Amino acid sequence: MKTLYSTFLAALILAGGLVSCKELNDSYEDYVIPGGIIYPGKIKSPELLPGRNRVLITWPQSLDPSVSKARIFWNTYSDSLEVAISPSDKIVSVIIDNLPEKSYAFTIKTYDEEGNASVPVELIGKTFGDLYQESLSNRRIDDSDFEAPAHLTILWAGADIANYAYATEIKYTDTLGKIQVDRFSVTVDTSRLSDIQAGTNYQYRTIYIPESISIDTFYTEYTTIEVVAP
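Residues numbered from 1 in each chain as written. Predicted model: local features only at pLDDT ≥ 70, side-chain atom pairs only at ≥ 80, totals over all residues. Heavy atoms only, no water.

1. Focus: the pattern of salt bridges
Filter applied, for reference: The working definition used for a salt bridge is a side-chain nitrogen of Lys or Arg within 4 Å of a carboxyl oxygen of Asp or Glu. Three exposure classes are used, based on accessible area relative to the maximum for each residue type with a 1.4 Å probe and protein chains only: buried under 20%, partly exposed in between, and exposed over 50%.
All chains considered together, the criterion is met by seven salt bridges. Across the pair D142 and R140 runs a salt bridge whose closest N-O atoms are separated by 3.8 Å. Neither residue differs from the other here; D142 and R140 are each classed as exposed.

This is the structure we're talking about:
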């Protein structure tokens, strides 16, 4: 019975050792190719934020200390950008400029000092530019009413929320002769100014933010309205 117990205990210890080895191997699976070739850890949890003819790409610093740089490829590898990575970087942030307005597939690889490359990671995104700008329209005014001495009420038509309208901005002259700028959400149907100078003009424009994570803001041209006292 004692021999049987010892045999069982030995088998149990061996099984535990195998599980531990497997967990250890799993923790390094990003860095080792079968056959013994070491390669850098790939990036994880990347994010792409669109902008005006540019994008911002970010990702957390790799847990692999051998990673010294990354390269971002696009246009089927015909264009690329190299990014130096410091061990002290907690977040890697890269802005790629001068991108024509269209959709893109970005491929990111990390590298160690020996030039070994990681498994590639792909990101899909797009840029906004002149075509998007030309599609924007200023929010219409349904009605406005000036009440002396300095109160203006504006009733707005619906905003182009489907095209990512964000807010309406009003620039006007107050009763002290100073230029003021107020901003109202597109969810607001009525805007009120209590210090606008009679007999002056005010200007307004609509602000657009394409996609909630866009790094750039777009504006329509100003529309000028005269404040007419009753």
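Now that the structure has been shown, we can carry on.
2. Structural notes on the environment of P46
Stated formally: For the purposes of this entry, the term helix denotes a DSSP run of H or I that reaches at least four residues, the term strand denotes a run of E that reaches at least two, and both are numbered from the N terminus. By definition, residues are in contact when any of their heavy atoms lie within 4.5 Å.
Here P46 shows up in the loop between β2 (37–38) and β3 (47–50). Sequence-wise, P46 and E122 are 76 residues apart; in three dimensions their C-alpha atoms are separated by 9.1 Å. With sequence-adjacent residues up to four places away left out, P46 is seen in contact with T58, W59, V121 and L123.

3. Concerning the packing of aromatic side chains
Note the following rule: To pair, rings of Phe, Tyr and Trp, with the six-membered ring standing in for Trp, must have centres within 6.5 Å; the planes then decide the type, stacked if under 30 degrees apart, edge-to-face if over 60, and tilted in the middle. Charges are assigned to positions over rings by a cutoff of 6 Å between ring centre and Lys NZ or Arg CZ, combined with an angular limit of 35 degrees from the ring normal.
Applying the stated criterion across every chain, the model contains six aromatic pairs. Plain terms: the ring middles of Y132 and F218 are 5.0 Å apart, the flat faces sit at 90° to each other, and that makes the pair edge-to-face. Placement of Y132 in helix α2 (residues 130–134) and of F218 in strand β16 (residues 218–219) is noted, with a sequence separation of 86 residues between them. Here W156 and Y204 contribute two aromatic rings whose centre-to-centre distance is 5.2 Å and whose plane-to-plane angle is 65°, an arrangement assigned as edge-to-face. On the criterion of sequence distance, the pair formed by W156 in strand β11 (residues 151–156) and Y204 in strand β15 (residues 201–208) is long-range, its members being 48 residues apart. Pairwise contacts between aromatic rings join W74, Y104 and F106 into one cluster. The residue whose ring lies beneath K69 is Y111, and the NZ or CZ to ring-centre distance is 5.7 Å. Over the ring of Y219 we find R205; its NZ or CZ atom is 4.1 Å from the centre of that ring.

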